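Notes for the structure review
Letter by letter, the chains look like this.
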Amino acid sequence: MYDLVSLQASTLGFAIGGLLVLVLAVVTVWQMVRFVDAYDKQALTVFGEYRGLLEPGINFIPPFVSRTYTFDMRTQTMDVPRQEAITRDNSPVTADAVVYLRVMDAKKAFLEVEDYKTAVSNLAQTTLRAVLGDMELDDTLNKRQEINARIRRELDEPTDEWGIRVESVEVREVNPSQEVQHAMEQQTGAERRRRATILEAQGERRSAVEQAEGDKQSNIIRAQGEKQSQILEAQGDAISTVLRAKSAESMGERAIIDKGMDTLEAIGRGESTTFVLPQELTSLVGRYGKHLTGSDVATDGRRLDSLQFDEETRELIGLDNIKEILGEIEEAAEMNVEELEQQAKAVKDGESNAKNAPVREKNS
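Since the structure is predicted, the reported quantities are computational estimates derived from the model, not experimental observations.

Let us now look at the sheet that holds strand S8 (residues 164–176). Here we have three strands laid out as an open sheet, ordered S6-S7-S8, and antiparallel in their pairing. Looking at the sheet topology across the chains shown, the edges are occupied by strand S6 (76–86) and S8. Neighbour to neighbour, the strand axes of the sheet diverge by 20° on average, direction disregarded. Of the pairings in the sheet, the one linking S6 to strand S7 (residues 92–103) comprises nine bridges and is antiparallel in character. Pairing of Ala85 across the sheet is with Val93, part of S7. Sheet strands touched by helix H3 (residues 116–133): S6, S7 and S8. Its angle to S6, the strand with the most contacts, is close to 35°.

Laid out in structure tokens, this is it:
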């Protein structure tokens, strides 16, 4: 009975010991194996001594006496808390920013600085306040890119010693105090009103200039039209005067010829054979006779060029009626020769008192 109890106790002890050995083996293996992600690196220390960096993948380390520290090798973003600063022209402003950084040397980031994120954040805050304090208010509101570049330059040198590279700095907001904002709003409103007034005045001036120019052109066109109208009216009056003068001249000659024809008719009915004609009548009859015959004969027997009238002139002076007048003259010439001889004898005896006018004898 005693032997059976002893055997069971020893068996239980072996089982417990084997279990402990198994557990220890599992824990040892767990402590020896490290899995590193593709975007990480781990710093290894053994008994507190730096031994190196664990690369991505499976790594074996001394168990129970080793410690590892993980560093993310990707670009990281870090918010810079809102900072208050006084600009160079004594205007209070508040600003915040975002810093983009990346671990370039995990060994330096592990050995040179306790917490690189906290260090970079504190350095960015002080640099942001210093840059804003070195600028005027208008520059802080307008030169955002210059602020970003200056902060990045200020962060480059110290962060390089920590194995950190600042890739970019972006200032998100720069806000002046409420009093300054209110003053700026009033200034902006006044500037907008001034510009609106200037634009309105320029528009009115341009409209007035265009209207004046239009009136000027209208007056010029109207004056030119009146001038042209006066010229045309004067030309029309001149033409009408000339035509009336020509018509009156031709009608005057027609009247003389008609009167002369009446006189010839009266003389032809008389008994005298001698005709006493005024020189004006004979010249008119001769001139119209030339035009009716279409030619003239000079004293030397040479034929002269005929003088032709156009239709308008013939109508004005009545050349088409000359044939009728000459026909009347021929009829008068066919009077009784005896009666004409008696009239001529009476003229010779002194019965006719026409010696003051030039005479021309006509023998029929």
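With the rule as written, the count across this model stands at twelve salt bridges. Put simply, Lys143 and Asp139 hold a salt bridge, and the shortest N to O gap is 3.6 Å. Look at Asp139 and you get partly exposed, because its relative accessible area is 22%. Glu191 serves as the salt-bridge partner of Arg194, at 2.4 Å between the closest nitrogen and oxygen. Residue Arg194 and its partner Glu191 are both found in helix H6 (residues 178–269); the two are separated by three residues, about one turn of the helix. For Glu191, a relative accessible area of 27% puts it in the partly exposed group. Within this structure, Asp79, Arg82, Asp96, Arg172 and Glu173 form a network of salt bridges that share partners.

Here we take up the sheet that holds strand S3 (residues 49–54). Strands in a sheet are paired, the pairing made by backbone hydrogen bonds, and the direction either parallel or antiparallel. Strand order in the open sheet made by the three strands is S3-S2-S5, with antiparallel pairing throughout. Each edge of the sheet is formed by a strand with only one pairing partner; in this case those strands are S3 and strand S5 (66–72). In this sheet, adjacent strand axes meet at a mean angle of 25° when their direction is disregarded. Looking at chain direction, strand S2 (residues 40–46) and S5 are connected through seven bridges and run antiparallel. What sits directly across from Gln42, in S5, is Thr70.

A word on H3. Taking 1.5 Å of rise per residue, 18 residues should cover 26 Å, and H3 covers 26 Å from first to last C-alpha, within 8% of that figure. When H3 is considered as a whole, its buried residues turn out to be Tyr116, Ala119, Val120, Ser121, Ala124, Gln125, Thr127, Leu128, Val131 and Leu132.

Counting residues in hydrophobic clusters, the biggest one holds 34 residues, and the most contacted among them are Val99, Tyr116, Ile151 and Ile164. At the level of elements, S6, S7, helix H2 (106–111), H3, helix H5 (144–161) and S8 are the ones that each hand at least two residues to this core. Of the residues forming this core, the biggest block, seven residues, is contributed by H3. For Tyr116, the residues in contact, after removing those within four places along its chain, are Phe71, Gln76, Leu101, Val103, Ala109 and Ile164.

Turning to the packing of aromatic side chains, a few remarks are in order. This structure, assessed with the given rule, holds four aromatic pairs. Across the ring face of Tyr39, the terminal group of Arg74 is positioned such that the distance to the ring centre comes to 3.9 Å.

Before going further, it helps to examine the UniProt feature "transmembrane region" (unreviewed entry) in the chain. With numbering matched to this structure, UniProt assigns "transmembrane region" (unreviewed entry) to residues 12–33. With 95% helix and 5% strand, residues 12–33 has end C-alpha atoms that lie 32 Å from one another.

Before going further, it helps to examine the environment of Leu44. Its place among the elements puts Leu44 in strand S2. Non-local contacts of Leu44, meaning those with residues more than four positions away in its chain, are made with Glu49, Tyr50, Arg51, Gly52, Leu54, Ile61, Ser66, Arg67 and Thr68.

For the rest of this paragraph, the subject is the confidence of the model for the chain. Chain-level statistics for the chain give a pLDDT mean of 75 and a share of 62% at 70 or above. Here strand S10 (residues 303–304) stands out as the element of the chain with the lowest mean pLDDT, 41, in contrast to S7, whose mean of 94 is the highest. Within the model, the stretch residues 294–307 combines pLDDT values under 50 with 15 contacts to residues more than four positions away or in other chains. Below a pLDDT of 50 lies the segment residues 351–364, which in the model reaches 18 contacts outside its immediate sequence neighbourhood of four places, other chains included.

This part covers the side chain of Asn59. Counting through the fold element by element, Asn59 comes out in strand S4 (residues 57–60). In terms of polar contacts, Asn59 uses its side chain to reach the backbone carbonyl oxygen of Glu55, at 2.8 Å. With near-sequence residues (within four places) excluded, Asn59 lies in contact with Met32, Val33, Arg34, Val36 and Leu54.

Our next topic: the environment of Gln145. Of note, Gln145 is situated in helix H5. Overall, Gln145 belongs to the exposed group, its relative accessible area being 59%. Sequence-wise, Gln145 and Val171 are 26 residues apart; in three dimensions their C-alpha atoms are separated by 8.4 Å.

About the cut-offs
Residues numbered from 1 in each chain as written. Predicted model: local features only at pLDDT ≥ 70, side-chain atom pairs only at ≥ 80, totals over all residues. Heavy atoms only, no water. Pairing = 2+ DSSP bridges. Helix = DSSP H or I, 4+ residues; strand = E, 2+ residues; numbered from the N terminus. Axes fitted to C-alpha atoms, helices over the stretch in contact; angles between N-to-C directions. Contact = heavy atoms within 4.5 Å. Salt bridge = Lys/Arg side-chain N within 4 Å of Asp/Glu carboxyl O. Buried < 20%, exposed > 50% of the residue type's maximum accessible area, 1.4 Å probe, protein only. Expected span 1.5 Å × (residues − 1). Core = buried A, V, L, I, M, F, W, Y, C linked by side-chain atoms within 4.5 Å. Phe/Tyr/Trp six-rings, centres within 6.5 Å; stacked < 30°, edge-to-face > 60°. Lys NZ or Arg CZ within 6 Å of the ring centre and 35° of its normal. UniProt positions renumbered as here; feature names shortened; annotations may be inferred. pLDDT = per-residue confidence, 0-100. Polar contact = N/O pair within 3.5 Å; in protein donor to acceptor, adjacent residues only side chain to side chain.

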